[in-house]
Amino acid sequence: KPKNTLTAAAQSSTSVFIKWESVASAETYTLQYTTNKDYFDGSDGVKEVTGITNNQYTLTSLETGQRYFFRVRANNDKGSSAWTSVISIVIGTKPIAPTTWSSTNIAIVGETLKLYWVHNSEDNSKETKAELNLDINGVTTTKYLTNTSTEDEVTTTQYDLDTSGLIEGAVIKWKVRTAGITGEYGEWSTERTVNVYAKPSLS
């Protein structure tokens, strides 16, 4: 059977891309999917795609917001393998609040403050865009950022904030929210605070 490296990620609000490790002796693969894990091996609620010749497949016309379960097996003229382990995702949902942190909580004027966040999606789609809210001494600005990364895996996003124009005692408050494949923003992250000080000198 294919090794248990089955992955699924939403391609849109109604489609999902599924991939698995190829098997050298396989001629075709069979993909099963359902909305209830208990339906496997005993219910007509399971849908099946047969005759797949590659180690990947895109399912379309799925229901937005619905959790789907998937499994795959390999086939050749001798028969069929056992099924892979079952995986599941929710199709086309907005992400939950990002995980955030910064390079420091106490910045020095003139240094670059690095803000980091990780997109947390339920449909396994990568971050497509982010809205960064910055409050510096009560003045709020919003940055709209597009993620151009070609990585399929979840990656950390970094934003570099120049502090050279700030004054001693400045307070930076920031929060961010992200969007996945559907383009719908999720919840705001926790608002984080960074205090800015002038570089000390010795006399």
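Our structure's up above, just so we're on the same page.
Described below are features of the structure shown in this document.

What counts and what doesn't
Residues numbered from 1 in each chain as written. Predicted model: local features only at pLDDT ≥ 70, side-chain atom pairs only at ≥ 80, totals over all residues. Heavy atoms only, no water. Helix = DSSP H or I, 4+ residues; strand = E, 2+ residues; numbered from the N terminus. Rg over C-alpha atoms; globule rule 2.2 N^0.38 Å. Buried < 20%, exposed > 50% of the residue type's maximum accessible area, 1.4 Å probe, protein only. Contact = heavy atoms within 4.5 Å. Areas by Shrake-Rupley, 256 points an atom, 1.4 Å probe, with all protein chains shown as cover. Lys, Arg positive; Asp, Glu negative; His and termini not counted. Charge placed at Lys NZ, Arg CZ, Asp CG, Glu CD. Pairing = 2+ DSSP bridges. Axes fitted to C-alpha atoms, helices over the stretch in contact; angles between N-to-C directions. Phe/Tyr/Trp six-rings, centres within 6.5 Å; stacked < 30°, edge-to-face > 60°. Lys NZ or Arg CZ within 6 Å of the ring centre and 35° of its normal. Core = buried A, V, L, I, M, F, W, Y, C linked by side-chain atoms within 4.5 Å. Polar contact = N/O pair within 3.5 Å; in protein donor to acceptor, adjacent residues only side chain to side chain.

Moving on, we come to the overall build of the protein chain. Check the secondary structure of the protein chain and you find zero helices and 16 strands. For the protein chain, whose C-alpha radius of gyration is 23 Å, the value lies well above the compact-globule estimate of 17 Å for 203 residues. Across its three principal axes, the protein chain shows a C-alpha extent of roughly 85 × 30 × 25 Å. Scored against the burial criterion, the 203 residues of the protein chain give a buried share of 38%. Once local pairs closer than 6 in sequence are excluded, the contacts in the protein chain between residues at least 24 apart make up 65%. Working note: accessible area of the protein chain is about 11,200 Å², and carbon and sulfur atoms make up 44% of it. Each charge class in the protein chain can be summarised by its mean position, and for the 19 positive and 23 negative side chains these summaries are 2 Å apart.

Reading across the sheet, the five strands line up as β10-β16-β15-β12-β13 and stay open at both edges, with mixed pairing between neighbours. Looking at which strands have only one partner, the edges of the open sheet turn out to be β10 (106-108) and β13 (139-146). Taking each pair of neighbouring strands and ignoring which way they run, the sheet shows an average axis angle of 25°. With eight bridges joining them, strand β12 (residues 129-136) and strand β15 (residues 171-179) adopt antiparallel strand pairing. Each residue of the ladder has a partner; that of L132, found in β15, is V176.

Glancing now at the side chain of N133. Inspection of the secondary structure puts N133 in strand β12. Classification of N133 by relative accessible area gives buried; the value is 15%.

Evaluation of the coordinates by the stated rule reveals three aromatic pairs. Between W20 and Y29, the aromatic rings sit 5.5 Å apart at their centres with planes inclined by 65°, giving edge-to-face as the arrangement. There is no split in this pair, since W20 and Y29 are both buried. Centroid distance Y33 to Y68: 6.5 Å. Interplanar angle 55°. Geometry classified as tilted. Of this pair, Y33 sits in strand β3 (residues 28-34) while Y68 sits in strand β6 (residues 67-76), and the two are 35 residues apart along the sequence. For Y68, a relative accessible area of 8% puts it in the buried group. We note K175 situated over the ring of W188; from NZ or CZ to the ring centre the distance is 5.0 Å.

This part is about the nonpolar core. In this structure, V16, I18, L31, L59 and F70 are the most contacted members of the largest nonpolar core, which totals 19 residues. Within the residue set of this core, elements represented by two or more residues are β2 (16-19), β3, β4 (47-52) and β6. Among the elements that take part in this core, β6 stands out by supplying four residues, more than any other. When sequence neighbours within four positions are dropped, the list of residues in contact with V16 reads A8, A9, A10, Q11, Y57, T58, L59, L62, F70, I89 and I91. With 16 residues, the next largest nonpolar core counts L115, A170, V176 and V196 among its residues.

For R71, the location among the structural elements is in strand β6. A distance of 2.8 Å separates a polar atom in the side chain of R71 from a polar atom in the side chain of D41.

This brings us to the sheet that holds β2. Reading across the sheet, the three strands line up as β1-β2-β5 and stay open at both edges, with antiparallel pairing between neighbours. Either end of the sheet is taken by a strand with one partner, and the two such strands are β1 (7-10) and β5 (56-59). Pairwise comparison of adjacent strand axes, ignoring direction, gives a mean angle of 20° for this sheet. One ladder, built from four bridges, connects β2 with β5; its direction is antiparallel. Note on β5: the bridge partner recorded for F17 is T58.

We now examine the pairing of β15. When β15 meets strand β16 (residues 192-197), the two strands line up antiparallel, connected through four bridges. When the sheet's bridge partners are listed, K173 is paired in β16 with T193.

A word on unusual backbone geometry. Outside of glycine, negative phi angles account for most residues, and trans bonds account for most peptide bonds. Its identity is not glycine, yet D41 carries a phi of approximately 60°, on the positive side. Looking at D41, the relative accessible area reads 66%, which means it is exposed. Even without being glycine, N124 reaches a positive phi, approximately 65°. Here N124 shows up in the loop between β11 (112-120) and β12.

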